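# Observations on the model geometry
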Amino acid sequence: MLTFTIRRLILAIPTLLFISFIIFLIVKLSPSDPTAGLPLTIPPEVRAQIRESLGVNDPLFVQYFKWLKLMVWDEPLHLFEGWTGWNAAPDDGARIISYQTRSPVTELIAQRMPQTLWVVGVSYIVGVLIALPIGIISAYRQYSWFDQIGTFISMLGFSVPTFFTGVLLIVIFAVNLGWFPSVYDTTHKVTDWDSFIVQLKQSIMPVMVLGLFNASQMSRFMRASMLDNLNQDYVRTARAKGLGERTVVLVHVLRNSLIPVVTVIALNVPAIFGGAIITEQVFKVNGIGQLLIIAIQSGDIPTVQTVSFIFAVLIVLFNLAADVLYGVLDPRIRYD
Amino acid sequence: MVNFNTPTPFPYTAFVGSESPVIQAAQFAGCLGTRAPECTEANFGPIGTGPFVVDEFRPNDVIAFSANENFRFPDRPYFGTVTFKGGGDAAAAARAVLETGEFDYAWNLQIDPTILAEMEAQGNGTVVSAFGTSVERLHLNQTNPDAALGDIRSTAEAGPHPFLTDPVVGKAMSMAIDRALLVEIGYGAGGQPTCNVLPAPELYASTANDACLVQDIAGANALLDKAGYLDTDGDGIREAGGVPISVLYQTSTNAVRQDTQALVKQWWSEIGIDTELRNIDASVFFGGDPASPDTFQKFYADIEMYTNNFPGVDPQAYMANWIYDEWPRPDTQWQGANIQRFCNPAYDALVDEMAQTADIAERGRLAREMNDMLVQSYSIIPLVHRGNPSAHANSLEGIAMSDWDTELWNIMDWRRAE
């Protein structure tokens, strides 16, 4: 298993280099200009100076290798320095600088990570916690009223877009009832019980909107996978040798049914870090997703490159995690 | 100390608004020239002379301010802290002030006017707007943008436009437009119909063109008939010298602009002018990339629409946009502000005269004359004088909205109603 993991990690390096180059090219060749968002009253010679100072005029490969070096070497060192206080990073001031804000991209990401992890992460956990029991019960009692209602709700959650449910919840709970705020306060700090309640209130709507969306997809996978397994011979054998229904379903069937579901869960984890662009916009959470969308709109190439590259790394890593988890769930799957 | 390089008839621009803020020399000493991108800390927390100081700056998310202890008025500002929240959209910002009352002030509320009015009707807040010099206008290409001309299209070498250089055509197009309806549908409190490219300050605003405020489709048709632009082949489209009058009308992608395009296309079809619509993403359209064929400077179309304005209160530099030297062309990398390629030596002379005239009344006369010359050439068709709608909670007092400076110019006087 360890050899397998190491081999996969080494193989990931060319993959990531290739991805990074493609991301770089796509973003770079897109016809947008970093000065387009500035007022028309700025004279053209000043615009030319701004472009020059951003390094837009360097040859493409020079720009790519400059960016790559900063991305894989300087920025991790700066991150390391920030965490430990050791003076590890080079002091030449070279960072990946956002065109838009003139500040290091990694700092922007660090500012936005907490709210994205809190809102999107919690909603994912809530989604999994809702989805698994619903999937299991729906499959075990197939075509019962519970299954019918579960199917209806998951279809609803999956097919109604979050920009609709989000605004609907805001109109009901923020505008009409006034229970929850419609604007997420990213500077709020949880220090005691009262401030925790405030945090809970401001995150409950985005968490539920995203949670419902995630749960509906996963509960369908869980249900389908359970149904496949419930009709297998080993289930009949287990029952025939006198095992209780609880053991049969929750130990024998569940474990086997989890394999495809784990794939879905693990491969969706990078999306947590990516934020939920639309939901973040609707509730003004201003996390990673919103950072990415604003960067795309304003031609802020370094930010787009960095954020998409981080997504690529996460996707590669969680793919590997899913593969390793198969082995844990099913001892017959071994890679060595 | 401020030194002027040349005699400047209107020197009243330094230190009088957000265009020329006062920042600390010591703080920015190491941030000049090429070092400018490295000064994140200074850029995010500049030391100035205003009523509030920056506590925390999170780009595109939050800026937290607290009262400046060293402010020049010891008893002001009245508020201890101010928080700016970004993200979301204009409708959400309006909702947070007018419906849920979570925030006290929201700016740049360019949303459907009926929605804004409904929100205001709930009684939590008030919509206010101020008008500066922004005018949404159509530029009529005076050079030939025919794609068959290749690289020389929309330049002087391409020759004049086959029909848009005739003011009669432009005048008929202008007459066919119902500006009041455009305002009602797209702008609400944030717009007023206008016939001038220079709508304000009052001293500079001409009244010579106000006839355009009333739509006159019959008059426009009569005008074109009289000038000999007739529909000879009966397909509903007039011809100019045998060529159908068909225009490509482009603008940036934006809901209000596409509504305007659709309405204008309808009105022009009623006067026998065929219109093809096109919209281009704002980051490309306004991007100015000389390699892109879709920038507003290249103007590879017959007509384009956008808004422009000038900072401050003096129009001298702005009116100088329409001199011949300002034509965007290949040897300037397509930079230049004379977008519609207007050319009139008499206009260039007026620009020179204004640069040497100090008397304010005389400057007013010159500016109005230039405005009339431009508008009556019908190379530019002004549509909407755009304001800037904002909303404030009813419990907030002391707001004096102005578009001549930042609308927060007097935030030191803002206070909570008793």
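The text that follows walks through the structure, step by step, so that each part is easy to find. (Residues numbered from 1 in each chain as written. Chains lettered and ligands numbered in written order. Predicted model: local features only at pLDDT ≥ 70, side-chain atom pairs only at ≥ 80, totals over all residues. Heavy atoms only, no water.)

Moving on to the overall build of chain A. What chain A contains, in helices and strands, is 12 helices and zero strands. In sequence order, chain A lays out its α and β elements as α-α-α-α-α-α-α-α-α-α-α-α. Principal-axis analysis of the C-alpha atoms gives chain A an extent of 85 × 60 × 40 Å. Counting all 336 residues of chain A, 45% fall into the buried class. (Helix = DSSP H or I, 4+ residues; strand = E, 2+ residues; numbered from the N terminus. Buried < 20%, exposed > 50% of the residue type's maximum accessible area, 1.4 Å probe, protein only.)

Time to look at the side chain of Asn68 of chain B. All names here are of chain B. Within the element layout of this structure, Asn68 appears in the loop between β2 (62-67) and β3 (81-85). We classify Asn68 as buried; its relative accessible area is 13%. A distance of 2.9 Å separates the side chain of Asn68 from the backbone nitrogen of Asn70, its partner in a polar contact. If we ignore the near neighbours within four places in the chain, the residues touching Asn68 are Gly50, Pro51, Phe52 and Val53. (Polar contact = N/O pair within 3.5 Å; in protein donor to acceptor, adjacent residues only side chain to side chain. Contact = heavy atoms within 4.5 Å.)

Now for the pattern of salt bridges. By the definition in use, this model includes 19 salt bridges over all chains. When the shortest N-O distance is used, the salt bridge between Arg239 of chain A and Glu245 of chain A registers 2.6 Å. Judged by relative accessible area, which is 35%, Arg239 of chain A ranks as partly exposed. Close ionic contact of Arg329 of chain B with Asp331 of chain B constitutes a salt bridge, the shortest N to O distance being 3.2 Å. With a relative accessible area of 27%, Arg329 of chain B lands in the partly exposed category. (Salt bridge = Lys/Arg side-chain N within 4 Å of Asp/Glu carboxyl O.)

The next subject is unusual backbone geometry. All names here are of chain B. Here the amide bond leading from Arg76 into Pro77 is cis, since omega sits at 0°, within 30 degrees of zero. Relative to the helices and strands, Pro77 resides in the loop between β2 and β3. The omega torsion across Ala200 and Pro201 is -5°, close enough to zero to call that bond cis. Within the element layout of this structure, Pro201 appears in the loop between β6 (191-193) and α7 (217-226).

What follows covers the sheet that holds strand β1 (residues 52-58) of chain B. Sheet strands pair via backbone hydrogen bonds, and the direction of the pair is either parallel or antiparallel. Residue and element names in this part refer to chain B. Read from one edge of the open sheet, three strands run β1-β2-β3, paired in antiparallel fashion. Of all strands in the sheet, those bounded by a partner on one side alone are β1 and β3. Neighbour-to-neighbour, the strand axes of this sheet turn through a mean angle of 15°, independent of strand direction. Judged from the six bridges that link them, β1 and β2 form a sheet pairing that is antiparallel. Each bridged residue has a counterpart across the sheet, and for Glu56 the counterpart in β2 is Ala64. (Pairing = 2+ DSSP bridges. Axes fitted to C-alpha atoms, helices over the stretch in contact; angles between N-to-C directions.)

To continue, consider the packing of helix α5 (residues 145-159) of chain A against helix α7 (residues 193-230) of chain A. All names here are of chain A. Packing of α5 against α7 leaves a shortest axis separation of 8 Å and a crossing angle of 130°. In terms of axis orientation, α5 runs oblique to α7. Relative to α7, the crossing made by α5 is left-handed. In contact with Asp147, Thr151, Ile153, Ser154, Met155, Gly157 and Phe158 of α5, α7 contributes Leu212, Phe213, Ser216, Gln217, Ser219, Arg220 and Arg223. Looking at the contact of α5 with α7 residue by residue, the class counts come to five nonpolar, six polar and three charged. (Parallel < 35°, antiparallel > 145°, perpendicular 65-115°, else oblique. Left-handed = near helix turned anticlockwise from the far one by under 90°. Nonpolar A, V, L, I, M, F, W, Y, C, P; charged D, E, K, R; others polar.)

The next thing to look at is the state of the cysteines. Residues and elements named next belong to chain B. Counted under the stated rule, the structure contains one disulfide over all chains. Between Cys195 and Cys212 runs a disulfide, and the two sulfur atoms are separated by 1.9 Å. Between Cys195 and Cys212 the disulfide shows an S-S torsion of about -95°. By sign, it is left-handed. In this pair, Cys195 sits in the loop between β6 and α7 while Cys212 sits in the loop between β6 and α7, placing the two residues 17 residues apart along the sequence. Across this residue pair, the class does not change: Cys195 and Cys212 are buried. (Disulfide = S-S within 2.5 Å.)

Here the focus is the interface of chain B and chain A. Taken together, the 37 residues of chain B in the interface contact 36 residues of chain A. Of the roughly 2,900 Å² buried between chain B and chain A, counting both surfaces, carbon and sulfur atoms make up 55%. On the surface where chain B and chain A come into contact, there are zero salt bridges. Applying the counting criterion to the chain B and chain A interface returns 10 residue pairs in polar contact (both at pLDDT 80 or more). (Buried area = accessible area lost by both parts, 1.4 Å probe.)

Residues and elements named next belong to chain B. Counting through the fold element by element, Asp302 comes out in the loop between α9 (282-285) and β11 (303-308). Notably, Asp302 is buried but unbridged: the nearest opposite-charge side chain belongs to Arg153, and the N-O separation is 9.8 Å. Side-chain polar atoms of Asp302 contact the side chain of His161, separated by 2.7 Å. Each residue touching Asp302, except ones within four places of it in the same chain, is listed here: His139, Leu140, Asn141, Pro145, His161, Leu164, Ser246, Val247 and Leu248. (Lys, Arg positive; Asp, Glu negative; His and termini not counted.)

Everything listed here is a matter of coordinates, which is why it stays silent on function.
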